[in-house]
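Listed here are the chains, written in short residue letters.
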Amino acid sequence: MSDLSLTILAETANDAQAIERLHERTFGPGRFVLSAYRLREHVDHRLDLSFTARIGTLLVGSVRQLPILIGDTPALLLGPLTVEPPFRGRGVGRALLDRAVRDAKARGHRLVLLVGDEAYYGRVGFKMIPKGRVKMPGPVDYARLLVAELVDGAFADVAGAVRPDWSFAR
């Protein structure tokens, strides 16, 4: 980001429309059939663990985290993580990812799950989940189902279905 002044801020309720438009532009209408969106239907993401990236007042990226359970184990689902196409490859996504994971750990969370490319997310500690250990709702490419332990060994005995953490239901 040597040529741009990037600011990472906690998401606020006032950011919702701009983030939705960003998701429309970057993911299109097909995003609603994805497994991760099934989890987001009834439980809101955590504003205190979701962030925006701005250059001046221009929103250029966003990352959200949703409270979930894997079996009976609390975790966070990271995503969507998105950056406006003209700003990709400039460290915006990485800055959002670093902030999201760092703040989750600082607030005592132990696990973060996501659906994404291990080549990208592996750089910050995400690893592919062994096949059959975790079940997502709807269609998902299990080779892209990744987990990061924010506490060593936190995923050791975790298995089961991924579902929203209903204690955060709307």
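Keep in mind that what you see is a predicted model, and the values were worked out from it rather than measured.

**Student:** Is there a simple way to explain the pairing of strand 3 (residues 58–70) in this structure?
**Tutor:** It is a general feature of regular strands that their side chains alternate between the two faces of the sheet. Extensive coverage of strand 3 is indicated by the burial of 12 of its 13 residues. Examined bridge by bridge, strand 2 (residues 51–55) and strand 3 share five bridges and lie antiparallel to one another. Paired with F51 across the strands is V63, a residue of strand 3. Counted along the chain from strand 2 to the antiparallel partner strand 3, the turn is two residues long, and its residue G56 has a positive phi close to 65°. Sheet analysis places strand 3 next to strand 4 (residues 73–83), joined by nine bridges and oriented antiparallel.

**Student:** Mind showing me how you'd approach helix 3 (residues 92–106) here?
**Tutor:** Because an α-helix completes one turn every 3.6 residues, residues spaced three or four positions apart along the sequence face the same direction. Taking 1.5 Å of rise per residue, the 15 residues of helix 3 would be expected to cover 21 Å, and the 21 Å separating its terminal C-alpha atoms lies within 8% of that figure. Those residues of helix 3 lying buried are V92, G93, L96, L97, A100, V101, D103 and A104. The arc enclosing the buried residues of helix 3, seen along the axis, measures out at 165°, which places them on a common side. Opposite the packed face of helix 3, turned more than 90 degrees from it, sit the exposed residues R102, K105 and A106. As for helix 3, its buried residues are in contact with strand 1 (6–10), strand 2, strand 3, strand 4, strand 5 (111–115) and helix 4 (118–121). Of the residues trailing helix 3, G108 is marked for its positive phi of about 90°.

**Student:** Could you clarify how one ought to interpret the pattern of salt bridges in this entry?
**Tutor:** Close approach of charged atoms lets side chains of opposite charge pair. In total, this model carries nine salt bridges according to the counting rule given. With its nearest N and O atoms 2.5 Å apart, the salt bridge here joins D15 to R54. You can see D15 sitting in the loop between strand 1 and helix 1 (16–27) and its partner R54 sitting in strand 2, a full 39 residues away along the chain. Each of the salt bridges in this network shares a partner with another, and the network as a whole consists of R46, D48 and R107.

**Student:** I'm lost on the nonpolar core in this one. Help?
**Tutor:** As a rule of thumb, soluble globular proteins bury nonpolar side chains together. In terms of nonpolar packing, the biggest core is built from 25 residues, with L78, L96 and F126 touching the most fellow members. Elements with a minimum of two residues in this core: strand 2, strand 3, strand 4, helix 3, strand 5 and strand 8 (145–149). No other element matches helix 3, which puts six residues into this core. When residues no more than four places from it in sequence are discounted, the contact partners of L78 are V63, R64, Q65, L97, A100, V101, V112, L113 and L114. If you look at the next biggest cluster of nonpolar residues, it comprises 19 residues, including I129, V134, V140 and L145.

The rules we used
Residues numbered from 1 in each chain as written. Predicted model: local features only at pLDDT ≥ 70, side-chain atom pairs only at ≥ 80, totals over all residues. Heavy atoms only, no water. Buried < 20%, exposed > 50% of the residue type's maximum accessible area, 1.4 Å probe, protein only. Helix = DSSP H or I, 4+ residues; strand = E, 2+ residues; numbered from the N terminus. Pairing = 2+ DSSP bridges. Expected span 1.5 Å × (residues − 1). Arc of directions from axis to C-beta. Contact = heavy atoms within 4.5 Å. Salt bridge = Lys/Arg side-chain N within 4 Å of Asp/Glu carboxyl O. Core = buried A, V, L, I, M, F, W, Y, C linked by side-chain atoms within 4.5 Å.

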